[in-house]
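# Report on the structure
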Amino acid sequence: QVQLVESGGGLVQAGGSLRLSCAASGRTFSRYVMGWFRQAPGKERDFVATISWSGGRTYYADSVKGRFTISRDNAENTVYLQMNSLKPEDTAVYYCAAAGRYILGYFGDDYDYWGQGTQVTVSS
């Protein structure tokens, strides 16, 4: 079993920045594909970003490309999501996810473990 604990969410003004963190425990972190998803009120859970085991490959949703950066520190068992130039439409609960097998990383159903979510609210 893998436990994921997220932090870093909060209230920020449009144009501002936040960095989300996801600390993993329970299994070897470096062997997991990691991802970030978000869910706005009344909407489906959407893919945000994913990163490979080594951190060498990353992919982003078009809506965040150029503004968000996913990274990981395997020595610290932590994955990050740096969010810049935030917009009100970025407001959502953000979830960290982990997969213990090879996956493409785009589809939420492919992940095995999820964090509790952290609220990000961007005001106009």
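The notes below deal with the structure included here. (Residues numbered from 1 in each chain as written. Predicted model: local features only at pLDDT ≥ 70, side-chain atom pairs only at ≥ 80, totals over all residues. Heavy atoms only, no water.)

### What about the sheet that holds strand S7 (residues 68–73)?
Read across the sheet, four strands follow the order S1-S3-S8-S7 without closing on themselves; strand pairing throughout is antiparallel. Pairing within the sheet leaves two strands with one partner each, and these edge strands are strand S1 (3–7) and S7. Ignoring strand direction, the axes of neighbouring strands in this sheet form an average angle of 15 degrees. In terms of strand pairing, S7 meets strand S8 (residues 78–83) through six bridges, oriented antiparallel. Bridged to Ile70 within S8 is Leu81. (Pairing = 2+ DSSP bridges. Helix = DSSP H or I, 4+ residues; strand = E, 2+ residues; numbered from the N terminus. Axes fitted to C-alpha atoms, helices over the stretch in contact; angles between N-to-C directions.)

### Thoughts on the packing of aromatic side chains
Here the structure, examined in full by the defined rule, presents eight aromatic pairs. A centroid spacing of 5.4 Å and a plane angle of 80 degrees characterise the contact between Phe37 and Tyr111, whose relative ring orientation is edge-to-face. Note that Phe37 is positioned in strand S4 (residues 33–39) and Tyr111 in the loop between strand S9 (92–99) and strand S10 (113–114), a separation of 74 residues in sequence. Just as Phe37 is buried, Tyr111 falls in that class too. Through successive ring pairs, a cluster of aromatic residues spans Phe37, Phe47, Tyr59, Tyr106, Phe107, Tyr111 and Trp114. (Phe/Tyr/Trp six-rings, centres within 6.5 Å; stacked < 30°, edge-to-face > 60°. Buried < 20%, exposed > 50% of the residue type's maximum accessible area, 1.4 Å probe, protein only.)

### Points about the side chain of Asp90
Tracing the chain through its elements places Asp90 in the loop between S8 and S9. Setting aside residues up to four positions removed in sequence, Asp90 forms contacts with Arg38, Arg67, Phe68, Ser85, Val120 and Val122. (Contact = heavy atoms within 4.5 Å.)

### Side note on the state of the cysteines
Overall, the coordinates contain one disulfide when judged by the stated rule. The disulfide that involves Cys22 links it to Cys96, with 2.1 Å between the sulfurs. Taking the sign of the torsion about the S-S bond as the criterion, the disulfide between Cys22 and Cys96, at about -80 degrees, is left-handed. With a gap of 74 residues between them, Cys22 in strand S3 (residues 18–25) and Cys96 in strand S9 connect regions that are remote in the sequence. A relative accessible area of 0% means that Cys22 is categorised as buried. (Disulfide = S-S within 2.5 Å.)

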